[in-house]
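# Structural description and commentary
Read off the chains here:
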Amino acid sequence: MTTFPQTRAFTGFNTPSRVEAEVQDLHVDGVIPAEIDGAFYRVQPEHQFPPLLGDDISFNGDGMISMFRIKGGKVDFRQRWAKTDKWKLENEAGRALFGAYRNPLTDEPGVQGKIRGTANTNAYIHGGRLYGLKEDSPALAMDPATLETDGYTDFGGKMKGETFTAHPKTDPQTGNMCGFGYASKGVLTRDMTYYEISPDGELLYDVWFETPYYCMMHDFGITKDYAVFSVMPMTSSRERLEAGKPHFGFDTSLPSYLAVMPRKPGTSAADIRWFRGGSCFTAHVMNAYQEGTQIHIDMPVAENNMMPFFPDINDKPFDPMAGRTFLTRWTVDMNQNGEEYRSERLSDMIGDFPRFDERRMGETYRYGWMVVIDPSQPVELKGGSAGGWVMNTLGMVDLGMGEEQKYWVGPTSSVQEPCFIPRSKDAPEGDGWIVMVCNRLETHSSELLIFEATRIAEGPIASVSIPVRLRFGLHGNWASAKDLAVLEAV
Ligand code: V55
Ligand code: FE
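All of these numbers come straight from a predicted model, not from anything done at the bench.

Taken residue by residue, helix α1 (residues 85-93) has K86, W87 and E90 as its buried positions. Angularly, the buried residues of α1 cover 95° about the axis, an arc narrow enough to put them on a single face. Looking at the buried residues of α1, the elements they touch are β4 (62-71) and β5 (74-81). Two residues or fewer after α1 comes G94, characterised by a positive phi angle close to 75°.

As a further point, take the sheet that holds strand β19 (residues 273-277). Strand order in this open sheet of 4 strands is β14-β15-β18-β19, and the pairing throughout is antiparallel. On the outer flanks of this sheet lie β14 (221-222) and β19, each paired with one strand and no other. In terms of strand pairing, strand β18 (residues 256-262) meets β19 through 5 bridges, oriented antiparallel. Paired with A259 across the bridge in β19 is W274.

Attention shifts here to the sheet that holds strand β3 (residues 38-46). Strand order in the open sheet formed by 5 strands is β1-β5-β4-β3-β33, and the pairing between neighbours is antiparallel. Both edges of this open sheet fall to β1 (21-23) and β33 (476-480), since each of them pairs with a single strand only. Ignoring strand direction, the axes of neighbouring strands in this sheet form an average angle of 15°. Here β4 runs beside β5; their pairing, made up of 8 bridges, is antiparallel.

Ranked by size, the top nonpolar core spans 45 residues in total, and within it Y182, Y194, F229 and M234 carry the most contacts. Looking at this core, the elements that each hand over two or more residues are β11 (177-182), β12 (191-197), β13 (203-210), β15 (226-231), β18, β24 (342-356) and β25 (367-373). M234 has contacts with Y214, C215, M216, F248, G249, F250, F281, N305, M307 and F310, leaving out every residue within four places of it along the chain. Counting residues in hydrophobic clusters, the runner-up holds 22 residues, among them I32, F77, V468 and W478.

Moving on: the site of ligand 1. Near ligand 1 you find F59, Y101, N120, T121, K134, E135, M216, H218, M307 and L474, and these make up its full shell. Within the side chain of Y101, a nitrogen or oxygen atom sits 2.6 Å from an oxygen atom of ligand 1. In this structure, an oxygen atom belonging to ligand 1 sits 3.4 Å away from a side-chain N or O atom of H218. Within the complex, 98% of the 300 Å² of free accessible area of ligand 1 lies under protein. The residue makeup of the shell around ligand 1, split by class, is 5 nonpolar, 3 polar and 2 charged.

Here we take up the coordination of the iron ion (ligand 2). Of the protein atoms, only H167 (NE2), H218 (NE2), H284 (NE2) and H475 (NE2) coordinate the iron ion (ligand 2), at distances of 2.0 to 2.1 Å. With 4 donor atoms in place around the iron ion (ligand 2) and angles of 91 to 163° between them, the coordination shape is irregular. Donor residues for the iron ion (ligand 2), ordered by position in the chain, follow H-x50-H-x65-H-x190-H. A residue pair is termed long-range when its members are at least 10 positions apart, and H167 in the loop between β9 (149-152) and β10 (169-170) and H284 in the loop between β20 (281-282) and β21 (287-291) qualify at 117 residues. According to the relative accessible area criterion, H167 is buried, its value standing at 7%. With a relative accessible area of 8%, H284 lands in the buried category.

Thresholds applied
Residues numbered from 1 in each chain as written. Chains lettered and ligands numbered in written order. Predicted model: local features only at pLDDT ≥ 70, side-chain atom pairs only at ≥ 80, totals over all residues. Heavy atoms only, no water. Buried < 20%, exposed > 50% of the residue type's maximum accessible area, 1.4 Å probe, protein only. Helix = DSSP H or I, 4+ residues; strand = E, 2+ residues; numbered from the N terminus. Arc of directions from axis to C-beta. Contact = heavy atoms within 4.5 Å. Pairing = 2+ DSSP bridges. Axes fitted to C-alpha atoms, helices over the stretch in contact; angles between N-to-C directions. Core = buried A, V, L, I, M, F, W, Y, C linked by side-chain atoms within 4.5 Å. Near = heavy atom within 4 Å. Polar contact = N/O pair within 3.5 Å; in protein donor to acceptor, adjacent residues only side chain to side chain. Areas by Shrake-Rupley, 256 points an atom, 1.4 Å probe, with all protein chains shown as cover. Nonpolar A, V, L, I, M, F, W, Y, C, P; charged D, E, K, R; others polar. Donors = N, O, S within 2.8 Å, 3.2 Å for Na, K, Ca; no water. Tetrahedral: all angles 85-135°; square planar, octahedral: opposite > 155°, others 65-115°.

Spelled out as structure tokens, the structure:
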């Protein structure tokens, strides 16, 4: 008999679901535009078995990948485990063998040295392949039509680092997938790598460098000529792992940095410029771009830690107000000798999970969408987001006009990351739709909502009932059938 812990990560809306599924022609309220032809992929962390150590955090769950195949106004649904090496070992044993998040000291002896990845953070399409991604391990190659797992890839035998980010970017000019790794020489190492991968899945070049201190390097930005990394004081140490503390702790005594690296083969660590600022929290990146010699990177930034499950290293209590993230632009000038970045707030909405029209990747852009916490709206049901906040609103920024829009999903609901679908390959920026999973917290059910992308305030034009119980998800991406030929068969 299996008993999951009766704790926050395993009860309420996060009650284990663990269902692989295939359902044709989901129920739709409203009308899905007939031009939409492609698939929306997303991933949720989901423990295959009760955790080895009693309780656990959601970030340590196994990846469960969902695909919404949208075509001719209809939606088919498919869901499969990301069958990582960890998933297979545990599946065979019929129980958990790996312990705490990013702490191999807590694993059973029989699995020491095995790849601990869970592929639970992003479902990314590049070069006709689907990748299940977790930042502590290599990319897991999967079949984008069937969602079956092929296994970890080293991109043609060439990736020497141990990890690949959950937030790669595709350069619209070259078609290359730009990515990086941190803890590239193993757990807690300050070694980082930058990678570019061709549409054929071959690593083209890598750059090795070190960060000033070990930190959670969750996302980054690319511009035409640069890769841009923000270092924030979510750090760890051997002592933390030996003491069985959560892997990451937030150290407000450390500065933040912005690293700017030329994106070209032959770049070395010495070519990177490091800019500095005060302690703050950064993780996700909306976009980055160049303007003359200036480089901008737009990110949700908080004054202090926004992840309560990775506490302050001095056990200072979590401060939800200081953990609010606001879309912020950091700017540096490569023609000046300054050592600090400039910072400017772009929106007063409390927002994270930023997305934009990725055809503008690395370029100036106008529209952005985010998961927003609107504290002015009533919440009738607690239990939801990590910080105790309920992420109850889809937000949009129009940076061109300086305007914003919001759509509140109601007092007992919350939202997952939005994703932009262009109306066509050449449609103007922002012309298309937003897809987003909406959590109905009271009934433990979910819908896929579809919006006209620049008119979200009007509410969804279609709502798709999801017939299996989902949980809180992380990131997802859209692939059009034109770009992903295998979708024609499904
Ligand atoms: C994040 C998520 C992770 C992780 C590290 O949102 C950072 C940030 C779902 O796993 O392992
Ligand atoms: Fe993320």
